[in-house]
Structure formats: C-alpha cells, structure tokens
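# Fold and contact review
This is what each chain is made of:
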Amino acid sequence: MLPEAAARLKIDALLIAAGWAIQDYKAFNPSAARGIALREVPLDSGRCDYLLLVDRIPLGVIEAKKEGTTLSTVSDQSSHYGENLPDFLANLLPGTKKIPFAYESTGVETLFRDERDPHPRSRRVFAFHQPATLAAWLAEPDTLRARLAALPTAHPLPTTHLRACQVEAITSLEKSFAADRPRALIQMATGAGKTYTACAFTYRLIKFAGARRVLFLVDRANLGKQAKGEFDQFVAPDTGRKFTEVYNVQHLTSNTLDTVARVTICTIQRLYSILRGEPEFDEDLDEKSAADLSAADARPKDVAYNAAVPLEAFDFIVTDECHRSIYGLWRQVLEYFDAHLVGLTATPGKQTVGFFNQNLVMEYTHERAVADRVNVGYEVYRIKTEVTARGGLIEKGFYIDRRSKETRQRRLELLDEDLSFAANELDRSIVVESQIRTVLTAYRDALGTDLFPGRTLVPKTLIFAKDDSHAEDIVHLVRVVFGRGNDFAKKITYKAYNPETKRYEKSENLIAEFRTSPTLRIAVTVDMIATGTDIKPLEVLLFLRDVRSRTYFEQMKGRGTRVLTPTDLQAVSGEDARAKTHFVIVDAVGVCESDKTESRPLERQPTVAFPQLLLGVALGKRDEDTLTTLAGRLTRLDQSLNRAEAKKLTEFTGGQSLGELAKNLLNAFDPDAIAEAAQKNVGGVPSPRDPSALYPEPTPAELTAAKTKLLAAACAPFENNVLRDALAKAKQDAEQTIDTVTIDKVEFAGFDAAAKARAQSLVQSFRAYVEQHKAEITALQILYSRPYAQRLTEPMLKELEQKLRDADATWTEETLWRAFAATAPEKVKGRSQAGRFADLVALVRFSLQQQPILEPFSDSVRQRFDSWLAQKQGGTGVSPVGSVFTSDQLAWLHLIRDHIATSLAIEPDDFEFAPFSQRGGLGRAHQLFGSQLPSLLEELNAQLVA
C-alpha cells in the first residue's frame, strides 16, 4: 500500500468515528447521512482530497498527506481549494462563498482552522469535528475567536465585588484570549480568590463570548464540591442573579455528562474514565489526587476518540491546582479537546509554566497578597529538642513496649542489649512519646507568652504528621498535654475505616466541624488538608514532619494565609481573638531549614512504594515487571506476618492467603499455566500417547484469551481499596518500639534566627526610608518636627501608608510591628491590629526614637486621655474648677477618644456617623457640652495625638 493510501485509511477511520459518511464523488448520495465526506471532488483549481458537506452545503475541505509530511506548508493548498468552488457549490454557501473550515491531515497529525477567524491560524486537533458542530458554527454570525477578540472592549469588566488582583487576572486573561493565545496560566496566592475569579470570567465567557460549555477540572472530589459551592454563590454583576439561576452547573459524581450543563466540574481521573467509555468510576479514586494516581501508575494516559464526548465538547477547560501533575501523565486527556486551556495555581513549577506556553498572564505572589491584605503573613517559631535533633539510646535492662502498627496491640519486652536510634527513625520504627509530648508542651507554653498572649481559646491549629499511626499518637498526646477531651483534638484523614459497617467514612463533616466549631481547636492530618481545602480560621501550622518538595511546602503553608473578618474569627476563636493579622509556623523538625526541590512528576522512580504499587495494579497496570514485583513483595510480607495477622487479611481476600495471591499473579505470565488454562477452556482431552497432554492444542488467540482471563482474576482482589489499605498497613514495620524510658528536653524555643535577621533588615530599611523622606512626605514632616507645628490628619497618614507600600510591599503596620518586636522585644508592648493604619504614628515615632516604648497608638491615646481627664477633674482647661463630667458626658468622651485613636482627629461632621449617630449625633453633643464643644474637640485633638 502506498503511503498516501495508508494515510487515507486512517483519515477515513477518524471521519467515520466523528459521524461522517465517506463517499466517492461519482457515487454521491446526499440522503445517506447528514454529514458526507466526498473523495476526489473536482474543483476549479483541481481535485480536493475530501469535501465535507453538511445538509448538502459544502463546509470544509481536507487535504490529505502521507504520514511524516510537515503540514505547515499545506494550508495554502487547502485554502486554494476552498476559494475555488464551482458556482453550483459556491451558491450554496452564505456570505463570501468561501469554504470556512479547512483541515490538513496525515492520519497521525491533523490541523484545523476556521477561515472566518480574525487571524486564521491552524491548530492541532485530536480528530475531526462532528458534522452537527460545523453546521452550528456556520450558523453563528461570528466565530468564538472573533467574539473573544472583541470581549475586552465590547463588554468592559465591572469591578464591583472584585479585588484588584481579581480584576488584574480577568483583564489579563481576556487580553490573552483576544490575542488568540490558546493556553494561559494564572498564578494567584492561596486565599486570593482563584475560584471566585474563575466563576467571574466563566460567566463572561458564556454570556458575552458565547462559550457553549466550560469544563472545570479539580484535583480531588472534595475540591469539586468547594468549587460547586462557589458557582452556587456567585452573583452576576450585571443582573444580580446567581450563576446557577442562569446556567446549569454539574458536579460530576457519576460518569454521565449532563448535556445541558454549561459548566461541568470533575476530576481529571473521572474524565479519563468517561473518555474510555467506562460506565462507572471508583469513588475512592475520585478522592485521591491526580498526582498520587500518576505516581502509582506512570503509564501515559492514552485516549481514543469517543463520539459521546467529542473533541469539541468543551470550549474552555479550567484546571484548578494545575501545579499538580495533571499536566504530565494526564496530558493527553487535556489535549484531546479542541479547547482553550486556563490553569489556576498558587505555586507554579517549571513544568506548569512550560505546559501553558510560558503565558503567565497573572503573577500574584504571597508577598503581594500580604501587602494588599488579601493574605496574612507568617512568623516561624522554632522548637528544637534533643531527641528530634540526634535520636537517642535505650540502655539494656530497661523494659520497653513493642506495638503492632496494624492492631496497635502492645507487649512488654526486656532489652538484653542497648538500642540506639537515629532521628530519622522517629515515629517510623520507634516512637518516643516524650519527644512528641515535649514539643506539644513547648507549643502550649508559648501560646500565652510568645505567640498569642491574652487568648482564652487555643488558636485553630493544624498539625502535620508523618503517617496515620503518627497522627494517632499525636492526637492522644495533644488531649493529654492540653488537659482536654476528645472534642478538643481530632485526626482528619481522607477517610476513616468503620469496622462495623466495613466501609470508609468520608471526612467532610470533620473538616466542616474544624472550620466552624469553637470546641475543636486542633486537627492532626497527614495530607488531607495539605492543599486546596479552605479553613480560614487557621492561625497555627505545626510541622512534626519534614517536606522536601518546594511546591508542596508552599501549598501546605497556604492553609494559614487566608484572611477572614474579625467577626468570623471571633465566632470560632473567642472575643479576645480581635483579628487575624498573621499565622505562625511552629517548626519542630526543621522543615523551614531543609533543602527543597522542584517537584518532578514525570520522573520515574527507581523503586515504587508498596501502596502505589497496589494502586497501580488497581488502575490497570498489567505488565510483567509490575505484577512479578508485587508477587515478590506479597511473598515477603506473608513470611513476616504471624498467624493472627495473616488470618485477618483473608477477610478481605475472599479467603485466599497472600501466598495464593502471589502465585496467581505469577501464573498469569507462566506459559505452562496459560496453556493449561487455555486447554481447559477449549475442553481438551488426554492424548492416547501422553495422558498428561490435552488435545486439541490451543490456538494463539485462545492462549491470549486465557492469559487475559488469568490476569483479570489475579488482579481482581486488588481492586478492593479496603484490601489495599490493609496490605499497606501490614507492610509497614510489623512492630514499633515504644520508648517510655527516654526523657526529651527542649534545646531551643523561639522565633528562628533567619526571621530575626529578616526583621533586623526590615527595621533598618524602614528607618532609612523615614530618615531619607522626612522632608518630602507631609506626615513625616509633622512627626519629625518637635513641637508639632501642624496637626496630623487621616489623609496625611493614608498618604504615608501608600508611600510605604509603594516603596516596599512588605511594609505594612503588622509586619513592621512584628519586626520591631523581634529585634527589640523588651521595648515593644502589645500588637498592631489588622487595618489600624494609625499605628504608623507609633511606628514612626519609635523609629525616630521619639518614644522609648513601641505600643499601639490606641494605648497611647488612652493614656493621654486618662491624664487629660485627671487634669480636668483637678480644675484646669475648659471645665470649671473642680467640676466632674456627668456619666453621659463621660460616655461621649470615651467614644470621642476611641474615634481619635483610629482616625487621628475628630470633627463636628463625624458626629453624623456611627457610633455617634446612634446616640443622637451632633445635636446631642451640643446638648451635652453646649458652646464649649468646639474648644473641647480642639483640645482633645491636640492633647491625644501629641
């Protein structure tokens, strides 16, 4: 067969799959199908390879080339055909009489373009579009890309209810669309509102750009529920109606696509399952991260054309948390669709940026978010203990506990020789309860002194553990150290196994409880809340595990960055939790000091962890290396278990031992076992010459069928996630040593040296800026002059605040205050509260050494007010000698004091606003103070801000 003929066979197959009927030109039968691909049609400029007709109207041409042909130079040829139709065909087309759709294909590679686009450009497509799609596109007055080009100017973005960073992201994205860039990456810091941003631009794409369907991909099913909640609550700025009142939004929990949904939310693993035509998908796999599934099964996710979900099914695909490896092994799933791709992430890696063609349309970092008060910053509080740093030694002659990690049953054992252990063995093969207790005690004791002084309730705290067993130990010790009950601290993992129902219970209720309950203060997790999950009241992240991936660590830190209103914080953390100004990383293992690397999700590991090996088999890995490796590990595990442990596992295997499971895996590749199974399948009989032989001999096809059947039977048990989890637990060290002898000690507890160095640098740069610009900025002129020649006003201080942020985004009231507290803790009292710009007065005065102690501006105002009030009662000032203010006057004076503490001054007009307006406003003030009111206000303004 000639190469051109072979290419046409592949093209024919692609066309037929997409619903086209293929006919020779001379045998044209227009009634055979709606969409017909005519071969070798004579046109004015020659014969075209395929002419595509829908409802007898010529819509497209295909130029076929042999495999290996570079197609960039072929577009002129297909365009030429499209422009030279015979009159009887051209008259069927509206407008320019030119065929709008052009393909060039080798059967392996296919390019497509719409000649009606503002700048027609060929793009690679997985296959051919369906006839109905091309007809629908032709019926539209303009193309999607034409509408996208006009979107920014034709429909300006309303900025109401959008943060500045969200406006920037949407504006930049729409400019990218207008420039016909097919992929775009949005980096927005955790908590900056990526999903809300996606809701906003999705609404605009559907309403103003005519997008038919948008796919929103999430990393895990529980994040899909969060996304669905965002779409449910999103209110369109132009109509005031909720998104879901106007457009259908489907969160896929089955493998059935809603054909009328304008937005579909699902995981990429479920989408892959749908493309494969599978009727159902394991719910357990939907709860796992796509990155975890990639690690378990490193095979590329090859897809084939699915007419039920054609390549034009979605116009846009939004990939949330796209830094996860969905752009690696799952790449073909994304590239199957002829759609624009938009990535959302807070932590893009090199591969992420590369996949999106380096089109980073928005780069909104954590530092920018902190400066804009979209995020809160953090401090690192380091706890070092002897055992954490160097391990330990248990001398012979002491009794220790041995604990089964599977059953957690303990037995007592007398050491007959010294047992030494390294730091990296902690909570793996050996558990030193004193080490965990010492860290937790140091954290508890620091809460009221260094971290959150004055708090009644423990700040919402998330502890990261090494594994489930470690998390279990931590939960119990937290309750003991804090002297609280089970409702104070809980473990939150992906799922918890309920032995009574023999089912996994989802953790959604626990997450919701941790988010809103004033009682549940500390949660312990491994990976469940490490990424994506939104728990705004979190104020402490305590690391009892190290993390070597830079991206993953940034995601974990992101759990604490989210802002919330003082009211919402107080609802779960008590009235003395005035505002969330920052969060604290309590580093008990050196996680902030260890080297971090870029994640490499495409890199094959030389060895595969046992849980990932099991999951890979469940996902369909059937190669000999994988299954023989699994068989070997099952055999070794079988040998290490005692009789009770082995019997317990048979509850999940249908009665088979691990040795039998291993044997079945090996038999699936054993030629003799395959032949024997095939012979049984064909009903062979013993040979007269050799009774051990069965005839007739199986054919190659029958041998293949027998092998497939053996493979399916051998791998079936591992599709049970309960068995996989039980095996993974059993594979861990059969026993742990519980060290009740070693007594750990704290070596250091305090803010880390690196943080102090950063704070010192920030203080020095701030002082230098104030000194350098004291003659240029009005507020600094006033604060620098003594005595003050002019009164400081709120606009002046606002100007100073903006100038500082323009000079350095980290110079916020909170960060500057914490920097001074870190460098001179003995001279700092109290903390600056979020949004208290008036504290800049105290910060500048302290940096200029005009006051010896840095304390909140409101505290200084209170002190000056008390002094002023004492003078009044002593007979000086505007009050008569020896007079005392009435209780009503004192109440108003306290309100005036508090107003000055936040706004630097008070004017008569201020009485028309709360809280004064609620007590009678300016009229009531005149009743209380009479003609002395103006001079009283002037005196208070001068005295309290002196």
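For the structure, check the block above.
Right, let's walk through the structure included here. Since the structure is predicted, the reported quantities are computational estimates derived from the model, not experimental observations. Every residue gets a number counted from 1 within its own chain, in the order that chain's sequence is written. It should be noted that, the model being predicted, local features are given only for residues of pLDDT at least 70 and side-chain atom pairs only at 80 or more, the latter also being counted only at that level, while totals for whole chains, interfaces and linings use all residues. Side-chain figures throughout are based on the complete set of non-hydrogen atoms in the structure, without hydrogens or water.

### Looking at the sheet that holds strand S21 (residues 461–464)
- Strands pair, by our definition, only if DSSP identifies at least two bridges between them. Think of it this way: any DSSP run of H or I at least four residues long counts as a helix, any run of E at least two long counts as a strand, and we number them from the N terminus. Strand order in this open sheet of seven strands is S22-S25-S21-S26-S27-S15-S31, and the pairing throughout is mixed. At either end of the open sheet lies a strand with only one pairing partner, and these are strand S22 (489–491) and strand S31 (746–751). In this sheet, adjacent strand axes meet at a mean angle of 15° when their direction is disregarded.
- Pairing between strand S15 (residues 377–385) and S31: five bridges, direction antiparallel. Bridging across to S31, Lys384 finds its partner in Phe748.
- Residue contacts are counted whenever heavy atoms from the two residues lie within 4.5 Å of one another. Here the axes come from fitting lines to C-alpha atoms, over the contacting stretch only for helices, and the angles between their N-to-C directions go from 0 to 180 degrees. Of the strands in this sheet, S15, S21, strand S26 (540–543), strand S27 (582–587) and S31 are in contact with helix H17 (residues 433–451), which crosses S15 at around 135°.
- Running over the sheet, helix H19 (residues 508–516) touches S21, S22 and strand S25 (522–525) and is turned about 150° from S22.

### Description of the packing of aromatic side chains
- Any two rings among Phe, Tyr and Trp, with Trp reduced to its six-membered ring, count as a pair given centres within 6.5 Å; such a pair is stacked if its planes are under 30 degrees apart, edge-to-face if over 60, and tilted if neither. Across all of its chains, the model carries 32 aromatic pairs by this definition.
- Between the aromatic rings of Tyr203 and Phe234, the centroid separation amounts to 6.3 Å while the plane-to-plane angle is 50°, which identifies the pairing as tilted. Placement of Tyr203 in helix H7 (residues 194–207) and of Phe234 in the loop between helix H8 (221–233) and helix H9 (243–246) is noted, with a sequence separation of 31 residues between them.
- Judged by centre distance (5.4 Å) and plane angle (40°), the ring pair of Phe482 and Phe488 falls under tilted.
- A network of ring pairs unites the aromatic residues Tyr196, Tyr203, Phe216, Phe231, Phe234, Phe243 and Tyr247 as a single cluster.
- In this structure, Arg183 packs its charged tip against the face of Phe355, placed 4.3 Å from the ring centre.
- The side chain of Arg897 reaches across the aromatic face of Phe865, ending 5.4 Å from its centre. Here, a charge over a ring means that NZ of Lys or CZ of Arg falls within 6 Å of the ring centre while also lying within 35 degrees of the ring normal.

### Describing helix H31 (residues 794–807)
- Expected helix span is computed as 1.5 Å times (number of residues minus one). For H31, with 14 residues, the first-to-last C-alpha span of 20 Å sits near the 20 Å given by 1.5 Å per residue.
- Among the residues of H31, those classed as buried are Met796, Leu797, Leu800, Glu801 and Leu804. Viewed along the axis of H31, the buried residues span an arc of 140°, placing them on a single side of the element. Away from its buried face by more than 90 degrees, H31 exposes Pro795 and Asp806. Three labels apply to residues, based on accessible area from a 1.4 Å probe with only protein chains included: buried if under 20% of the type maximum, exposed if over 50%, partly exposed otherwise in between. An arc is given here, and it is the one of the directions from the helix axis to the C-beta atoms.

### Examining a negative patch on the surface
- Candidate patch residues must exceed 30% relative accessible area and have no salt bridge, after which like charges are joined if within 9 Å and Val, Leu, Ile, Met, Phe, Trp or Tyr side chains if within 5 Å. Residue burial considers only the protein chains on display, and all accessible areas are found by Shrake-Rupley using a 1.4 Å probe. We count a salt bridge whenever a side-chain nitrogen from Lys or Arg sits within 4 Å of a carboxyl oxygen from Asp or Glu. Only four residue types enter the tally: Lys and Arg on the positive side, Asp and Glu on the negative side, with His and both chain ends excluded. By convention, the charge on Lys lies at NZ, on Arg at CZ, on Asp at CG and on Glu at CD. A contiguous patch of negative charge, built from Glu395, Asp416, Glu417 and Asp418, is present on the exposed surface.
- Turning to its location among the elements, Asp416 is positioned in the loop between strand S18 (410–414) and strand S19 (419–421).

Fair warning: the whole summary comes from geometry, so function is off the table for now.
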